[in-house]
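Commentary on secondary and tertiary structure
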Amino acid sequence: MFSPISDRAFHPAPARLPATLLLDLMRHQRYGVEYQPIIDIASGEAIAYEALARFYAADGQPLAPKAVFDALHASPLSLYQVEYDMKQLQLAHAPADASQLFVNLDPDAYGVTASEAEDPLLGLLAGHEGLVVEIIENTDVADAQLSQQLAQAFSARGVRLALDDIGAPNSMLSLDVMMEVDWFKFDRSWLVRARDSRNRAALTHLIAFAHECHCKVILEGIERPEDLALARSLQVDCVQGFLYRKRFVSVSQAARPARSAA
């Protein structure tokens, strides 16, 4: 167990992570998980946890997850392997009081086996009661199409879905994906944008749309009491963020023994 790792704790990432670092990371599975509570705004209780990937260098220093995943996108099979290993870890170490567990899934990782008869990731995640798979928001049309394929496949297996980072900068919305999900997760950028009347109107209507579709709404990035007050005024169902960092649970698998040679 380690203390929570916030994004502020990561060392500045270089423009490109060295291949040797990534190979060492994968070979020794220097992975960890941070579980952040999702708080019911009415009761103040944690109704779920989100499992977030954490990575470490050989000296135990944390690496920025975005930098790692960005680098892994250059090697789809490596991305898939890390996602699979990470999901196993996230499921295995979920907090005992996690009646619902949210896990992120990159559509590009899912796309590696999406057209094949056997889909190990789908097989791993399907059938876990209380599991919610978060689909990362799209950045282009190809991503939207893959996200839709992912959503349909998981929904058909009874896996509940959440659309993550709605409204994040440089992202786009797919109506088809929105129709498949059970949870709407709004990006932290709305905390600032909601001060503008037009942006607030858009957010208010999206929240109303989610509720009309019998979906739950989560607002991310809650760090201050003022953020929580805004969330209440917007009538979201749940919140998430560093205001609740004392309830974070972190598990590190750094310094795990290397995989044996094939």
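1. Details of the nonpolar core
In this structure, F55 and F154 are the most contacted members of the largest nonpolar core, which totals 71 residues. Examining the composition of this core, we find that five residues originate from one element, helix α3 (residues 76–92), more than from any other. If we ignore the near neighbours within four places in the chain, the residues touching F55 are L25, R30, Y31, Q61, P62, L63, P65, V68, F69, V82 and M86. Within the second largest apolar cluster, eight residues are counted, among which are I38, A48, V132 and I218.

2. Topic: the side chain of E34
Along the chain, the position of E34 falls in strand β1 (residues 31–40). Here Q36 takes part through its side chain, which lies 3.0 Å from a polar atom of the side chain of E34. A distance of 3.3 Å separates the side chain of E34 from the side chain of S250, its partner in a polar contact.

3. Brief notes about the packing of aromatic side chains
Overall, the coordinates contain eight aromatic pairs when judged by the stated rule. Aromatic pair F55 and F69: ring centres 5.4 Å apart, planes at 75 degrees, arrangement edge-to-face. Of this pair, F55 sits in strand β2 (residues 46–56) while F69 sits in helix α2 (residues 65–72), and the two are 14 residues apart along the sequence. Comparing F55 with F69, the two get one shared label, buried.

Reading guide: rules and limits
Residues numbered from 1 in each chain as written. Predicted model: local features only at pLDDT ≥ 70, side-chain atom pairs only at ≥ 80, totals over all residues. Heavy atoms only, no water. Core = buried A, V, L, I, M, F, W, Y, C linked by side-chain atoms within 4.5 Å. Buried < 20%, exposed > 50% of the residue type's maximum accessible area, 1.4 Å probe, protein only. Helix = DSSP H or I, 4+ residues; strand = E, 2+ residues; numbered from the N terminus. Contact = heavy atoms within 4.5 Å. Polar contact = N/O pair within 3.5 Å; in protein donor to acceptor, adjacent residues only side chain to side chain. Phe/Tyr/Trp six-rings, centres within 6.5 Å; stacked < 30°, edge-to-face > 60°.

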